[in-house]
Amino acid sequence: MSKKPHSKTGIRTEIIVALFSLALLLILGLSVHDDFGLHWDSLSTYSIGEANTNYIRTRDPSFFDFWERYYGPFFEIVLFNLTRGLAEREMFFARHMTIFLYFVTGVVGFYFLLKRIVKQWPLALLGCSLLVTSPRIFGDAFYNSKDIPFLVAFILCVLTLHLYLEKPAIFKILLHGFLSAILITTRMPGIVMVAITLGFLLLEALFYKNLKWQTTIVHSAIYLSTTLICTYLFWPVLWHDPIHELITAFEVMSRYPWPEFVIYRGQAVEATNLPWHYIPIWMSITIPLGTILFSLIGFFQQTAQFFHYKLKRNLFDSRDFLLISAWLFIPLLAVILLKSVLYDGWRQMFFVYPAVIVFAALGVKALFSMRIKEIAPRVFKAITIGLILFAIVEPLLFMLHYHPLEMVYFNQLVTLRTTNIRKSYDMEYWGLSYRQGLEYLLASNPGKTLRVAVANYPGRLNARLLPPSERERLVFVSTPEEADYYLSNYRWHPDDYDYPNEVFDIKIWDETILSVFKMPSSPQP
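Presented here is an overview of the structure given in this document. Just so you know, these numbers come straight off a predicted model, no measurement behind them.

Criteria and thresholds
- Residues numbered from 1 in each chain as written.
- Predicted model: local features only at pLDDT ≥ 70, side-chain atom pairs only at ≥ 80, totals over all residues.
- Heavy atoms only, no water.
- Patch = residues over 30% accessible without salt bridge, like charges linked within 9 Å, V, L, I, M, F, W, Y side chains within 5 Å.
- Areas by Shrake-Rupley, 256 points an atom, 1.4 Å probe, with all protein chains shown as cover.
- Salt bridge = Lys/Arg side-chain N within 4 Å of Asp/Glu carboxyl O.
- Helix = DSSP H or I, 4+ residues; strand = E, 2+ residues; numbered from the N terminus.
- Pairing = 2+ DSSP bridges.
- Axes fitted to C-alpha atoms, helices over the stretch in contact; angles between N-to-C directions.
- Contact = heavy atoms within 4.5 Å.
- Phe/Tyr/Trp six-rings, centres within 6.5 Å; stacked < 30°, edge-to-face > 60°.
- Lys NZ or Arg CZ within 6 Å of the ring centre and 35° of its normal.
- Disulfide = S-S within 2.5 Å.
- Buried < 20%, exposed > 50% of the residue type's maximum accessible area, 1.4 Å probe, protein only.

## Here we look at a nonpolar patch on the surface
(1) Moving on: Taken together, the side chains of Phe368, Ile385, Leu389, Val393, Leu396, Leu397 and Leu400 define a hydrophobic patch exposed on the protein surface, amounting to about 620 Å² of accessible area.
(2) Moving on: Element by element, the count of residues in the nonpolar patch is highest for helix α17 (residues 377-402), at six residues.
(3) Moving on: When you line up the elements, valine 393 lands in helix α17.

## Focus on the sheet that holds strand β4 (residues 474-476)
(1) Moving on: The mixed open sheet is built from five strands, whose spatial order is β4-β3-β5-β7-β6. Bordering the open sheet on either side are β4 and β6 (502-508), each of which pairs with just one other strand. Sheet twist, expressed as the average angle between the axes of neighbouring strands with direction ignored, equals 25 degrees.
(2) Moving on: Judged from the six bridges that link them, β6 and strand β7 (residues 511-518) form a sheet pairing that is antiparallel. Considered in β7, the bridge of isoleucine 506 is made with leucine 514.
(3) Moving on: Against the sheet, helix α20 (residues 434-444) makes contact with β3 (450-454), β4, β5 (485-488), β6 and β7, and its axis sits at roughly 160 degrees relative to β5, the strand it touches most.

## Points about the packing of aromatic side chains
(1) Moving on: By the definition in use, this model includes 49 aromatic pairs.
(2) Moving on: A ring pair is formed by phenylalanine 306 and phenylalanine 321, whose centres lie 5.5 Å apart and whose planes are at 40 degrees; its orientation type is tilted. In this pair, phenylalanine 306 sits in helix α13 (residues 289-306) while phenylalanine 321 sits in helix α15 (residues 319-338), placing the two residues 15 residues apart along the sequence.
(3) Moving on: Taken together, the ring pairs in this structure connect Phe36, Phe100, Phe103, Phe138, Phe142, Tyr143, Tyr429 and Trp430 into an aromatic cluster.
(4) Moving on: A cation over a ring is seen here: arginine 59 above tyrosine 55, with NZ or CZ 5.8 Å from the ring centre.
(5) Moving on: Above the face of the tyrosine 490 ring, arginine 422 is positioned so that its terminal group lies 3.9 Å from the ring centre.

## Overview of the state of the cysteines
(1) Moving on: Summed over the entire model, instances satisfying the criterion amount to zero disulfides.
(2) Moving on: Unpaired in terms of disulfides, cysteine 128 finds its nearest cysteine sulfur in cysteine 157, a separation of 17 Å.
(3) Moving on: Here cysteine 230 is not disulfide-linked; the sulfur of cysteine 157 is the nearest cysteine sulfur, at 11 Å.

## Things to note about unusual backbone geometry
(1) Moving on: The step from histidine 403 to proline 404 runs through a cis peptide bond, and the omega angle for that step is 10 degrees.
(2) Moving on: Locating proline 404 in the fold gives a position in the loop between α17 and α18 (412-415).
(3) Moving on: With a phi close to 60 degrees, tryptophan 492 is a non-glycine residue in the positive phi region.
(4) Moving on: Note on tryptophan 492: relative accessible area 25%, which makes it partly exposed.

## Digging into the environment of threonine 105
(1) Moving on: Residue position: threonine 105 is located in helix α4 (residues 88-118).
(2) Moving on: Along the chain, threonine 105 and leucine 442 lie 337 residues apart, while their C-alpha atoms are 38 Å from each other.

## A word on the environment of arginine 378
(1) Moving on: Its location among the elements puts arginine 378 in helix α17.
(2) Moving on: In this structure arginine 378 comes out as exposed when scored by relative accessible area, which is 77%.
(3) Moving on: Note: C-alpha distance between arginine 378 and glutamate 511 (133 residues apart in sequence) is 41 Å.

Here is the structure:
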């Protein structure tokens, strides 16, 4: 009798803490969503939504001349239609907020998935905290309408698959098929979810006995049919020739045509010829070290547990371990074996990061239940709590100090060992910092018209976030020699410039990621 009130109290506490955390996250997003700049893809993603929307309404055949027609359009169509009609500056800010709200949906889904796996709501909340306080994830959650929506859709797909596997039902497999279609039409690599789902349906029939063979076949057919039909409905380029266009989309997107190079381990490497370790290394140097430590503990503890029993009991008792391992390792192996074109760090693989955090939460759980003879339990618990605080506070301090450029975060494997990060790895690849450089120019030259040259495209694009009256004072010219000021974010130019008069810079880890130079031809004030 005494457990029931305690249980109600525990549920009430969970609800209060979870809702408070959610409200805090929403308030934070509302407060900072208009702090971020624009980047290389800000207009192209808008164009994807616009072109697909126009085709849906008019069936204009010129759509098939649109070079990004094969890019997953689902979220871009939604985003375009939610923010269309606004003035340009407000439209971009609204897009930032909408992307963030979708990210929050993923955080909520991740909370419920973690709670189902680790069985403790405080650990589920900790896992969500690790996700939100990952600097590169948090920053991209406002302006990256490609990789963050894909991460969210993957979380929701894994959640619905987990729900189905625990207690199979037709409505659950229908929902999972619907979300799988959203995943695939957000980014083509989402097709891996189909393989994962069918693999676990097979395991259910072989080992878990939740499904009979006849039911497995029927549910597999329902899942595939739902996924295919919804993929067709959500992807306008498929409408006129589904099979041919789907094959073409897979071929194009698996070897996405990006002819540039990346800075990787001190060398300029073509994106079409990356070494196999490109993604593992990038993950190891940009995920906070505390999260890496906990995830390794969780993974090895779960692996040891998996191999402790005989095969049939392994598969029965370790379904969650197999599911999260499939989420993490199958996509990583796929991009390595297919030699996929990757760039801008590992942002295209952000969707596997929640799997890392699941292992981290399991690692924390294992530490709290661990006993070491040489260390007093209270001391060991204090050490564990200290590591948890480090895992959250260290990246959080970076975010507070360097906002809104969270995407330049590196962990101590780089910051304590690399003397020149900018020459070793791509840093400010998005071009977001140009906004701050342009705002500095306008604030320091009130009322003046300024001739400005920029190193690359986002420098011009960020002017669109300025108030119209201020934007008119900027005249962009083609070369530094014509300009009063020259701005660079050092992309594809890791070396210092020879220009002597640097009037403004942004430094992260003592590395300059944006410079504003006053050119010799500029009249003196």
